[in-house]
Amino acid sequence: MMLRPLSLLVSLSLCVPLAASAVEFSAAELAKASTLQRTLLTLDSHLDTPANFARADFNIMRRHDHNALSQVDYPRMVEGALDGGFFAIYTDQGDRSRAAHLAERDHGLQRILQIHEMLAANPDTFQLALSADDAAKIKAAGKRVVYISMENASPLVADPSLLSYYHKAGLRLLSTVHFANNEFADSATDPKGAEWKGLSPAGKALVNEAVKLGIVIDQSHASDAVFDDLIAMMPVPFILSHSSAKAIYHHPRNLDDARLRQLAAKGGVIQANAYGGYLVDETKSAERKQAEEELEKRLGGWEHMTMAKGVELRKAMAELDQKYPQRKATLEDFFAHFGHMLDVVGPDHVGIGMDWDGGGGVTGMEDAADLPKITAWMQRRGLSEAQIANIWSGNVLRVMRQAQEYAATHATP
Ligand SMILES: [Zn+2]
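Residues numbered from 1 in each chain as written. Predicted model: local features only at pLDDT ≥ 70, side-chain atom pairs only at ≥ 80, totals over all residues. Heavy atoms only, no water.

### With respect to the overall build of the chain
Inference 1: The helix and strand tally for the chain stands at 16 helices and nine strands.
Inference 2: The C-alpha atoms of the chain give 20 Å as radius of gyration, which agrees with the globular expectation for 413 residues (22 Å, within 12%).
Inference 3: Taking the principal axes of its C-alpha atoms as reference, the chain extends roughly 60 × 50 × 45 Å.
Inference 4: Evaluated residue by residue, the chain yields a buried proportion of 62% over its 413 residues.
Inference 5: Across the chain, every contact between residues at least 6 apart in sequence was considered, and the portion connecting residues at least 24 apart equals 74%.
Inference 6: Surface summary for the chain: the accessible area is close to 15,400 Å², and the carbon and sulfur share equals 55%. (Helix = DSSP H or I, 4+ residues; strand = E, 2+ residues; numbered from the N terminus. Rg over C-alpha atoms; globule rule 2.2 N^0.38 Å. Buried < 20%, exposed > 50% of the residue type's maximum accessible area, 1.4 Å probe, protein only. Contact = heavy atoms within 4.5 Å. Areas by Shrake-Rupley, 256 points an atom, 1.4 Å probe, with all protein chains shown as cover.)

### What about the packing of helix H9 (residues 224-233) against helix H10 (residues 257-265)?
Helix-helix packing is characterised by the crossing angle of the two axes and by the distance between the axes.
Inference 1: Contact pair H9 / H10: the axes reach a minimum separation of 11 Å and the direction vectors enclose 25°. In terms of their interaxial angle, H9 and H10 are classed as roughly parallel. The interaxial crossing formed by H9 with H10 has left-handed handedness. In this structure, H9 contributes Asp224, Phe227, Asp228 and Ile231 to the contact, and H10 contributes Arg259, Gln262 and Leu263.
Inference 2: Of the residues in the contact of H9 with H10, the class split is three nonpolar, one polar and three charged. (Axes fitted to C-alpha atoms, helices over the stretch in contact; angles between N-to-C directions. Parallel < 35°, antiparallel > 145°, perpendicular 65-115°, else oblique. Left-handed = near helix turned anticlockwise from the far one by under 90°. Nonpolar A, V, L, I, M, F, W, Y, C, P; charged D, E, K, R; others polar.)

### Describing the nonpolar core
Inference 1: Formed by 97 residues in total, the largest nonpolar core has its most connected members in Leu156, Leu174, Phe334, Phe338 and Ile374.
Inference 2: Counting residues per element, this core draws most heavily on helix H14 (residues 331-345), which supplies eight residues.
Inference 3: When residues no more than four places from it in sequence are discounted, the contact partners of Leu156 are Met150, Leu162, Leu163, Tyr166, Leu174, Phe184 and Leu206.
Inference 4: Of all hydrophobic cores here, the second largest spans 18 residues; its members include Leu43, Tyr147, Ile239 and Met400. (Core = buried A, V, L, I, M, F, W, Y, C linked by side-chain atoms within 4.5 Å.)

### Some details on the environment of Tyr406
Inference 1: Checked against the element boundaries, Tyr406 lands in helix H16 (residues 385-409).
Inference 2: The sequence separation of Tyr406 and Leu213 amounts to 193 residues, and the corresponding C-alpha distance is 9.1 Å.
Inference 3: Among all residues touching Tyr406, those that are not within four sequence positions of it are Val211, Pro235 and Val236.

### Considering the packing of helix H15 (residues 372-380) against H16
Inference 1: Running from N to C, H15 and H16 cross one another at 145°; their axes reach a closest spacing of 10 Å. The two elements H15 and H16 meet at a crossing, and its hand is right-handed. Residues Ile374, Thr375, Met378 and Gln379 of H15 touch H16, and the partners they reach there are Ile388, Ile391 and Trp392.
Inference 2: Split into classes, the residues belonging to the contact of H15 with H16 amount to five nonpolar, two polar and no charged.

### Quick word on helix H5 (residues 98-121)
Inference 1: Helix length check: H5, at 24 residues, gives a terminal C-alpha distance of 35 Å against a target of 34 Å (1.5 Å per residue), a fit within 8%.
Inference 2: Burial in H5 covers these residues: Ala100, His101, Glu104, His107, Gly108, Arg111, Ile112, Gln114, Ile115, Met118 and Leu119. (Expected span 1.5 Å × (residues − 1).)

### Quick word on the packing of aromatic side chains
Inference 1: A full pass over the atoms with the stated rule returns eleven aromatic pairs.
Inference 2: With 5.6 Å between their ring centres and 75° between their planes, Phe227 and Phe238 make a pair best called edge-to-face. Linking Phe227 in helix H9 with Phe238 in the loop between H9 and strand S7 (239-243), this pair joins segments that are eleven residues apart in sequence.
Inference 3: Taking relative accessible area as the criterion, Phe227 reaches 0% and is therefore assigned buried.
Inference 4: Given the relative accessible area of 1%, Phe238 is considered buried.
Inference 5: Here Arg55 stacks its cationic end above the ring of Trp302, 5.6 Å away from the centre of that ring. (Phe/Tyr/Trp six-rings, centres within 6.5 Å; stacked < 30°, edge-to-face > 60°. Lys NZ or Arg CZ within 6 Å of the ring centre and 35° of its normal.)

### Quick look at the confidence of the model for the chain
Inference 1: Taken residue by residue, the chain gives an average pLDDT of 94. The fraction at 70 or more is 95%.
Inference 2: Throughout residues 1-18 the model reports pLDDT below 50, and contacts reaching past four residues in sequence, or to other chains, amount to 74 contacts. (pLDDT = per-residue confidence, 0-100.)

Here it is, written out as structure tokens:
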């Protein structure tokens, strides 16, 4: 999830891209990939889908395609053979006033309640997963897997002790920061630059508390200095739930090869991201930016937009694509990052975190229904079924198992 929802939607729109994707798969390849995927446990480590739970006309059991606001729902999870993943409590970074911290606290609590309401409304279809072993059991029972994660720890600034409540309510993955610095950590993308030179003292305390509870730490969006702090202080591996490779596109949000190797040496995992603006330079013209801002205003703002307005938004964005064409990331660009990370750290340290419903998706991969293309690409590349299984869930669950075992053996009475 990014700051300007409309500007990130560019990568979702249907239009003639400036650079077409060269990766094509035959129907036979995709059928073979889907068949394999259904035998595996397939998890995406960063789903922004809970942002839609607050919209009155969103129902996860219904198909909401051709809609700028939605890329994941139950019908498309079935079609794309996606068993589930980490459903994020995302909170926008405010101005860091006391009032903003209280509003963020309330927002986080509302969002975790909305996740539980979705689970309660669909008990035969979705189930909350708490331990690393739960996911396989839930799949065996014929249901979809819901782990809960938090993107941006700003809801915890007003009262960090709320972390223990979140843990009891199912939180299993925690990131410290988002697009701008907060009280816990420096962001990779704050225009003001470093404030803490990594984690703040409060950030270190929060990470230590999360480790004690067995919550996995997520480095995505945090600065490289935060990464270095985590490498130095963490007694267990950590992950990047949705990140790309700096060697392929030099963006502060991406990870360089030296740090990729450090992450792997520690046992951690990077989950390949499909957010276009981190895959290639998608810089827009000033005219286009202005047109997007006006469009957002007209449709009532991202946060409060209905799903019905999301259909309108998609059409309007397609028109903007015609009027103000721009370079847009393709499936080939995604595979360039994914393939590079596999080359550098191997299949035990890479996974999938597409950023669905938070700006993810590229030309050639528009929503969760398209996921078998990733498996088909891995099969073409000659990865074994065991390696593909690890990439689809084994690696991230290995890190969770280590975090939970560490917490259990170091529990203080
Ligand atoms: Zn994000």
